[in-house]
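Tertiary structure, described
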Amino acid sequence: MGNQKRLTESCIHCGLCTRKCAFLQKYKLDLQSFGEHPELAYHCFLCSDCSLVCPQKIDGREVALELRRSSVESNGGKIAEKGYTALIAEKKNYLFRNQKAADRRSVLFPGCNFPSFFPETTEYLVKLLKDTADIGVLYDCCGKPISQLGLAKEDVQGEDALKKRLAKLGIEELIVLCPNCYHFLKPRLEIPVVSIYDKLRELGLGGKIVEDKAYLFVPCPDKASLALQKSLFPFFTGETENIKGIQCCGLGGCAAGKEPEISVSFAANLKDKNYPNVYTYCASCAGKLRRSGVENVHHVLVDILGTEEQSELSIKSLWNRAKHRFI
């Protein structure tokens, strides 16, 4: 418990984090008291909203991760919580990895979820980049799902293995679609991790999104810096406004299974706001929101490429991810 106590020792109990977070409200906690409840480690959505309002700059996401790591360590290196077996089996040594077309200097890294929800757009983009700039593709997992479960040993092993694969393939630039991949890999890799939006602009590819005003649902990993969002703006012809007051799409932190009511409430609150359009640049967010009945949800990349594909709503999303292992 030492590390999480150190992380929260500056807490002044102002209550701002509690008012910002549905999870902390439910259990009547602030960040310091959350650090004293290891049994709730996997109930946190890791959305970072608490950190954004904390006057002491306490990183609530890191508090939850430290609780998870401590739980795994005290349980002999295994997760004591139930419900994550399938996720670990798929992601620990990514089952659907495909590096047949990854022997290029510059490679597209679609991640896990974009191919799941938007398989046609994935294949269109792969062909477009190959034909335009001889860019390859590597179907792989960035490692964040394992890392955020608190599996510290597997996290380090996965990072080392990915670096070795990239070096062996001679990859010098990784082009990413997913905000999770972008923010997870950028500080870890020695090679450039480039936004797909910056790459499309560099190559003169992609159309404009014509809206007088576009409402942007910001994915959790991009909230603090908005670094990935900044690369989107050249593709919008009109004004953009970030949607406020919605904590998460409901998939963050693998917490939905522990807190299903809270998870459902996020999308329900967004639905009640009746925005004329909702744009996001996270495939998981797009899929979750649309599955939850939020209308007029757009993935920015899909609209830029003009494929008109809507996110997958059924269990077929797993097959969409799996089939890229064999193409």
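Everything below is about the structure shown above.
1. Focus on the environment of Glu 154
By the element assignment, Glu 154 lies in helix 11 (residues 152–169). With a relative accessible area of 17%, Glu 154 lands in the buried category. Separated by 62 residues in sequence, Glu 154 and Lys 92 have C-alpha atoms that sit 7.2 Å apart. With residues up to four places along the chain from it excluded, the contact list for Glu 154 reads Gly 77, Lys 92 and Ile 146.

2. Description of the packing of helix 9 (residues 119–133) against helix 13 (residues 196–203)
Running from N to C, helix 9 and helix 13 cross one another at 40 degrees; their axes reach a closest spacing of 12 Å. Taken together, the axis directions place helix 9 and helix 13 in an arrangement best described as oblique. Along this stretch, helix 9 crosses helix 13, giving a crossing that reads as left-handed. For the pair formed by helix 9 and helix 13, the contact residues are Leu 125, Leu 129 and Ala 133 on the first element and Ile 196, Leu 200 and Leu 203 on the second. In terms of residue class, the contact of helix 9 with helix 13 is made up of six nonpolar, no polar and no charged.

3. Some points on the pairing of strand 1 (residues 106–109)
Along any regular strand the residues' side chains alternate between the sheet's two faces. Side-chain alternation along strand 1 places Ser 106 and Leu 108 on one buried face and Val 107 and Phe 109 on a second face that is also buried. Two strands pair when backbone bridges link them, and strand 1 and strand 3 (residues 173–176) are joined in this way by four bridges, in the parallel orientation. In the strand pairing of strand 3, Ser 106 is matched with Glu 173.

4. Quick look at the side chain of Thr 280
Tracing the chain through its elements places Thr 280 in strand 7 (residues 278–280). Apart from the residues lying within four places of it in its own chain, the contact partners of Thr 280 are Phe 217, Pro 219, Cys 285, Ala 286, His 298, His 299 and Val 300.

5. Quick notes on the state of the cysteines
Put plainly, a disulfide is one covalent bond tying together the sulfur atoms of two cysteines. This model, assessed by the stated rule, comprises zero disulfides. This cysteine, Cys 21, is not joined by any disulfide, and Cys 47 carries the nearest cysteine sulfur, 5.8 Å off. For Cys 21, a relative accessible area of 7% translates into the label buried. Among the cysteines around Cys 249, which has no disulfide bond, Cys 285 carries the closest sulfur, lying 3.9 Å off. Accessibility expressed as a relative area gives 4% for Cys 249, which makes it buried.

The rules behind the values
Residues numbered from 1 in each chain as written. Predicted model: local features only at pLDDT ≥ 70, side-chain atom pairs only at ≥ 80, totals over all residues. Heavy atoms only, no water. Helix = DSSP H or I, 4+ residues; strand = E, 2+ residues; numbered from the N terminus. Buried < 20%, exposed > 50% of the residue type's maximum accessible area, 1.4 Å probe, protein only. Contact = heavy atoms within 4.5 Å. Axes fitted to C-alpha atoms, helices over the stretch in contact; angles between N-to-C directions. Parallel < 35°, antiparallel > 145°, perpendicular 65-115°, else oblique. Left-handed = near helix turned anticlockwise from the far one by under 90°. Nonpolar A, V, L, I, M, F, W, Y, C, P; charged D, E, K, R; others polar. Pairing = 2+ DSSP bridges. Disulfide = S-S within 2.5 Å.

These values are about where atoms sit, not about what they do.
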